[in-house]
Amino acid sequence: MATKADVLDFIRVYADKMAEHRQELTDYDQAIGDGDHGINMSRGFKAVMEKLPTVEEKNIDDILKAVGMTLVSTVGGASGPLYGTAFMKAGAAVKGKEELSNEDILLALDEAVGGIQFRGKAVEGEKTILDSMIPAINAIKASLADGKTMAEALVAGESAAWNGVEYTKTIIATKGRASYLGERSIGHQDPGATSMAYAFQAINEVAQKAGN
Amino acid sequence: MVGIVVVSHSQKVAEGAVELARQMAPEARIAAAGGMEDGSIGTDVSKILAAIEAVEEGDGVVILVDLGSAVMSSEMAMEMLNDSSHVKIIDAPIVEGTIFGSVEASIGSSFEEVVEVLAGAKAYKKF
């Protein structure tokens, strides 16, 4: 389960990570894209942090939707509509909630990944955000099905996300700006898959701290 | 009159395309939605939404885009409209499409006619 405080904590921890890894994400993007992923994500989450105090008293769905709306109008690159849609869909999945059960968390993750697939018209294996996100969600579900706790499942989720990032080094980009590079995109990790792995890192860190 | 919205990552590209189109069709309802609020490179859903609302007068709106997130941001702006049945993102060169669309719209063509002309803009040969 996750309380509203955990959700707010996740947003803050993730925003910190986007600021901290700004240059790293931009470097990955410079290699295969337009070199702005870290700049865009940190700008978007800086705006989210400015917005957060005005919505933190609301329900979890309103908080997540406000994060999404802020991202779509401040990130600037494709990650704005993609991450923005993910947060908005996750919010819509947990309407009216002050607290999330494990089922709610899984539903929110499923809706978020569905939103990204819909928005980006992408599938797994195209060197995108999805290549860390889908394995992470699958690992979380598999761990829970094995009788593990959510905290344990989130450790597995983060690990699967980073494995997914490694996998993106081996494949050709067929979506987004990197697709113009064709085979030259091989050997480089996908910046979007990387920023998404940091999201699962943030969720995991918050869950370990919260002890649930 | 059918409205035209120009969505580019660059404010200058969007405004430049509008400037060129205005020269040919001064009375066209056309709006630039380029760059971010602070003028930096990117596309901004709320800026696009405001541009659609600014040119919409009931006859429909066509959106010309450059690449990548311009398409996704425009789709999101469309989803935020109450009725997007007469709003369409056009797959055409952004500058040429803006000019062709503005001229066609300014002579009073319908939404369907403007869309059809713009479908041809992609195949237009310059020489």
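Chemist: Before we go on, may I ask you to explain the overall build of chain A in this structure?
Modeler: Secondary structure assignment for chain A yields 9 helices and 2 strands. The globule rule puts the C-alpha radius of gyration for 212 residues at 17 Å, and the 16 Å found for chain A is close to it. For the C-alpha atoms alone, the extent of chain A along its principal axes is close to 45 × 40 × 30 Å. When burial is assessed residue by residue, chain A has 56% of its 212 residues classed as buried. Looking at chain A alone, contacts between residues at least 24 apart form 64% of all its contacts between residues at least 6 apart.

Chemist: Any chance you could explain the confidence of the model for chain B here in plain terms?
Modeler: Detailed reading of the predicted coordinates is not advisable wherever pLDDT falls low. Here chain B shows a mean pLDDT of 95. Residues at 70 or above account for 100%. Confidence estimates for the predicted assembly give a pTM of 0.91 and an ipTM of 0.81.

Chemist: I tried to follow the interface of chain B and chain A on my own but got confused; where do I start?
Modeler: Size of an interface, as often reported, equals the accessible area lost when the parts are brought together. Taken together, the contacts link 13 residues of chain B with 11 residues of chain A. Among the elements of the structure, α2 (45-55) and α3 (69-79) of chain B are those that each provide at least two residues to the side of chain B that touches chain A. Among the elements that take part in the side of chain B that touches chain A, α3(B) stands out by supplying 4 residues, more than any other. Looking at the side of chain B that touches chain A residue by residue, the classes come out as 5 nonpolar, 7 polar and 1 charged.

Chemist: Whenever I open this one, unusual backbone geometry confuses me. Can you help?
Modeler: Peptide bonds are trans in most cases, and residues, glycine excluded, mostly fall at negative phi. Residue and element names in this part refer to chain A. Positive phi values are uncommon outside glycine, yet Lys121 reaches one of about 50 degrees. Within the element layout of this structure, Lys121 appears in the loop between α6 (102-120) and α7 (130-145). Overall, the presence of 11 C-beta atoms within 10 Å leaves Lys121 in the exposed class. Positive phi outside glycine occurs at Lys127, with the angle close to 65 degrees. With respect to the secondary-structure elements, Lys127 resides in the loop between α6 and α7.

Chemist: In this structure, what is going on with the pairing of strand β3 (residues 61-65) of chain B? I would like to understand it.
Modeler: Two faces belong to every sheet, and in a regular strand the side chains alternate between them. Residues and elements named next belong to chain B. Extensive coverage of β3 is indicated by the burial of 5 of its 5 residues. Where burial is concerned, the two faces of β3 agree: the one with Val61, Ile63 and Val65 and the one with Val62 and Leu64 are both buried. In terms of strand pairing, strand β1 (residues 3-8) meets β3 through 5 bridges, oriented parallel. Note on β3: the bridge partner recorded for Ile4 is Val62. As paired elements, β3 and strand β4 (residues 87-90) share 4 bridges and run parallel to each other. The residue of β4 that forms the bridge with Ile63 is Ile89.

Chemist: Just to check I follow, could you spell out the sheet that holds β4(B) for this structure?
Modeler: One key point about sheets: their strands pair by backbone hydrogen bonds, in either a parallel or an antiparallel sense. All names here are of chain B. Read across the open sheet, the 4 strands follow the order β2-β1-β3-β4; overall the sheet is parallel. Of all the strands in the sheet, the pair left with one neighbour each is β2 (29-34) and β4. Direction aside, neighbouring strands of the sheet carry axes that sit 20 degrees apart on average. Lying over the sheet, α2 contacts β1, β2, β3 and β4, oriented at roughly 175 degrees with respect to β2. Those strands touched by helix α4 (residues 94-106) are β1, β2, β3 and β4, and its axis lies near 170 degrees from that of β1.

Chemist: Got a minute to help me understand the packing of α6(A) against α7(A) in this structure?
Modeler: Packed helices, taken two at a time, are described by their axes: the angle between them and the distance between them. All names here are of chain A. At a minimum axis separation of 11 Å, α6 and α7 run at an interaxial angle of 155 degrees. Comparing their axes, α7 and α6 come out roughly antiparallel. The way α6 lies across α7 gives a crossing that is left-handed. On the side of α6, the interface is formed by Asn102, Leu106, Leu109, Val113, Ile116 and Gln117, while α7 contributes Leu130, Met133, Ile134, Ile137, Lys141 and Leu144. Partitioned by chemical class, the residues of the contact of α6 with α7 number 9 nonpolar, 2 polar and 1 charged.

About the criteria used
Residues numbered from 1 in each chain as written. Chains lettered and ligands numbered in written order. Predicted model: local features only at pLDDT ≥ 70, side-chain atom pairs only at ≥ 80, totals over all residues. Helix = DSSP H or I, 4+ residues; strand = E, 2+ residues; numbered from the N terminus. Rg over C-alpha atoms; globule rule 2.2 N^0.38 Å. Buried ≥ 20, exposed ≤ 12 C-beta atoms within 10 Å, placed from the backbone. Contact = placed C-beta atoms within 7 Å. pLDDT = per-residue confidence, 0-100. Nonpolar A, V, L, I, M, F, W, Y, C, P; charged D, E, K, R; others polar. Pairing = 2+ DSSP bridges. Axes fitted to C-alpha atoms, helices over the stretch in contact; angles between N-to-C directions. Parallel < 35°, antiparallel > 145°, perpendicular 65-115°, else oblique. Left-handed = near helix turned anticlockwise from the far one by under 90°.

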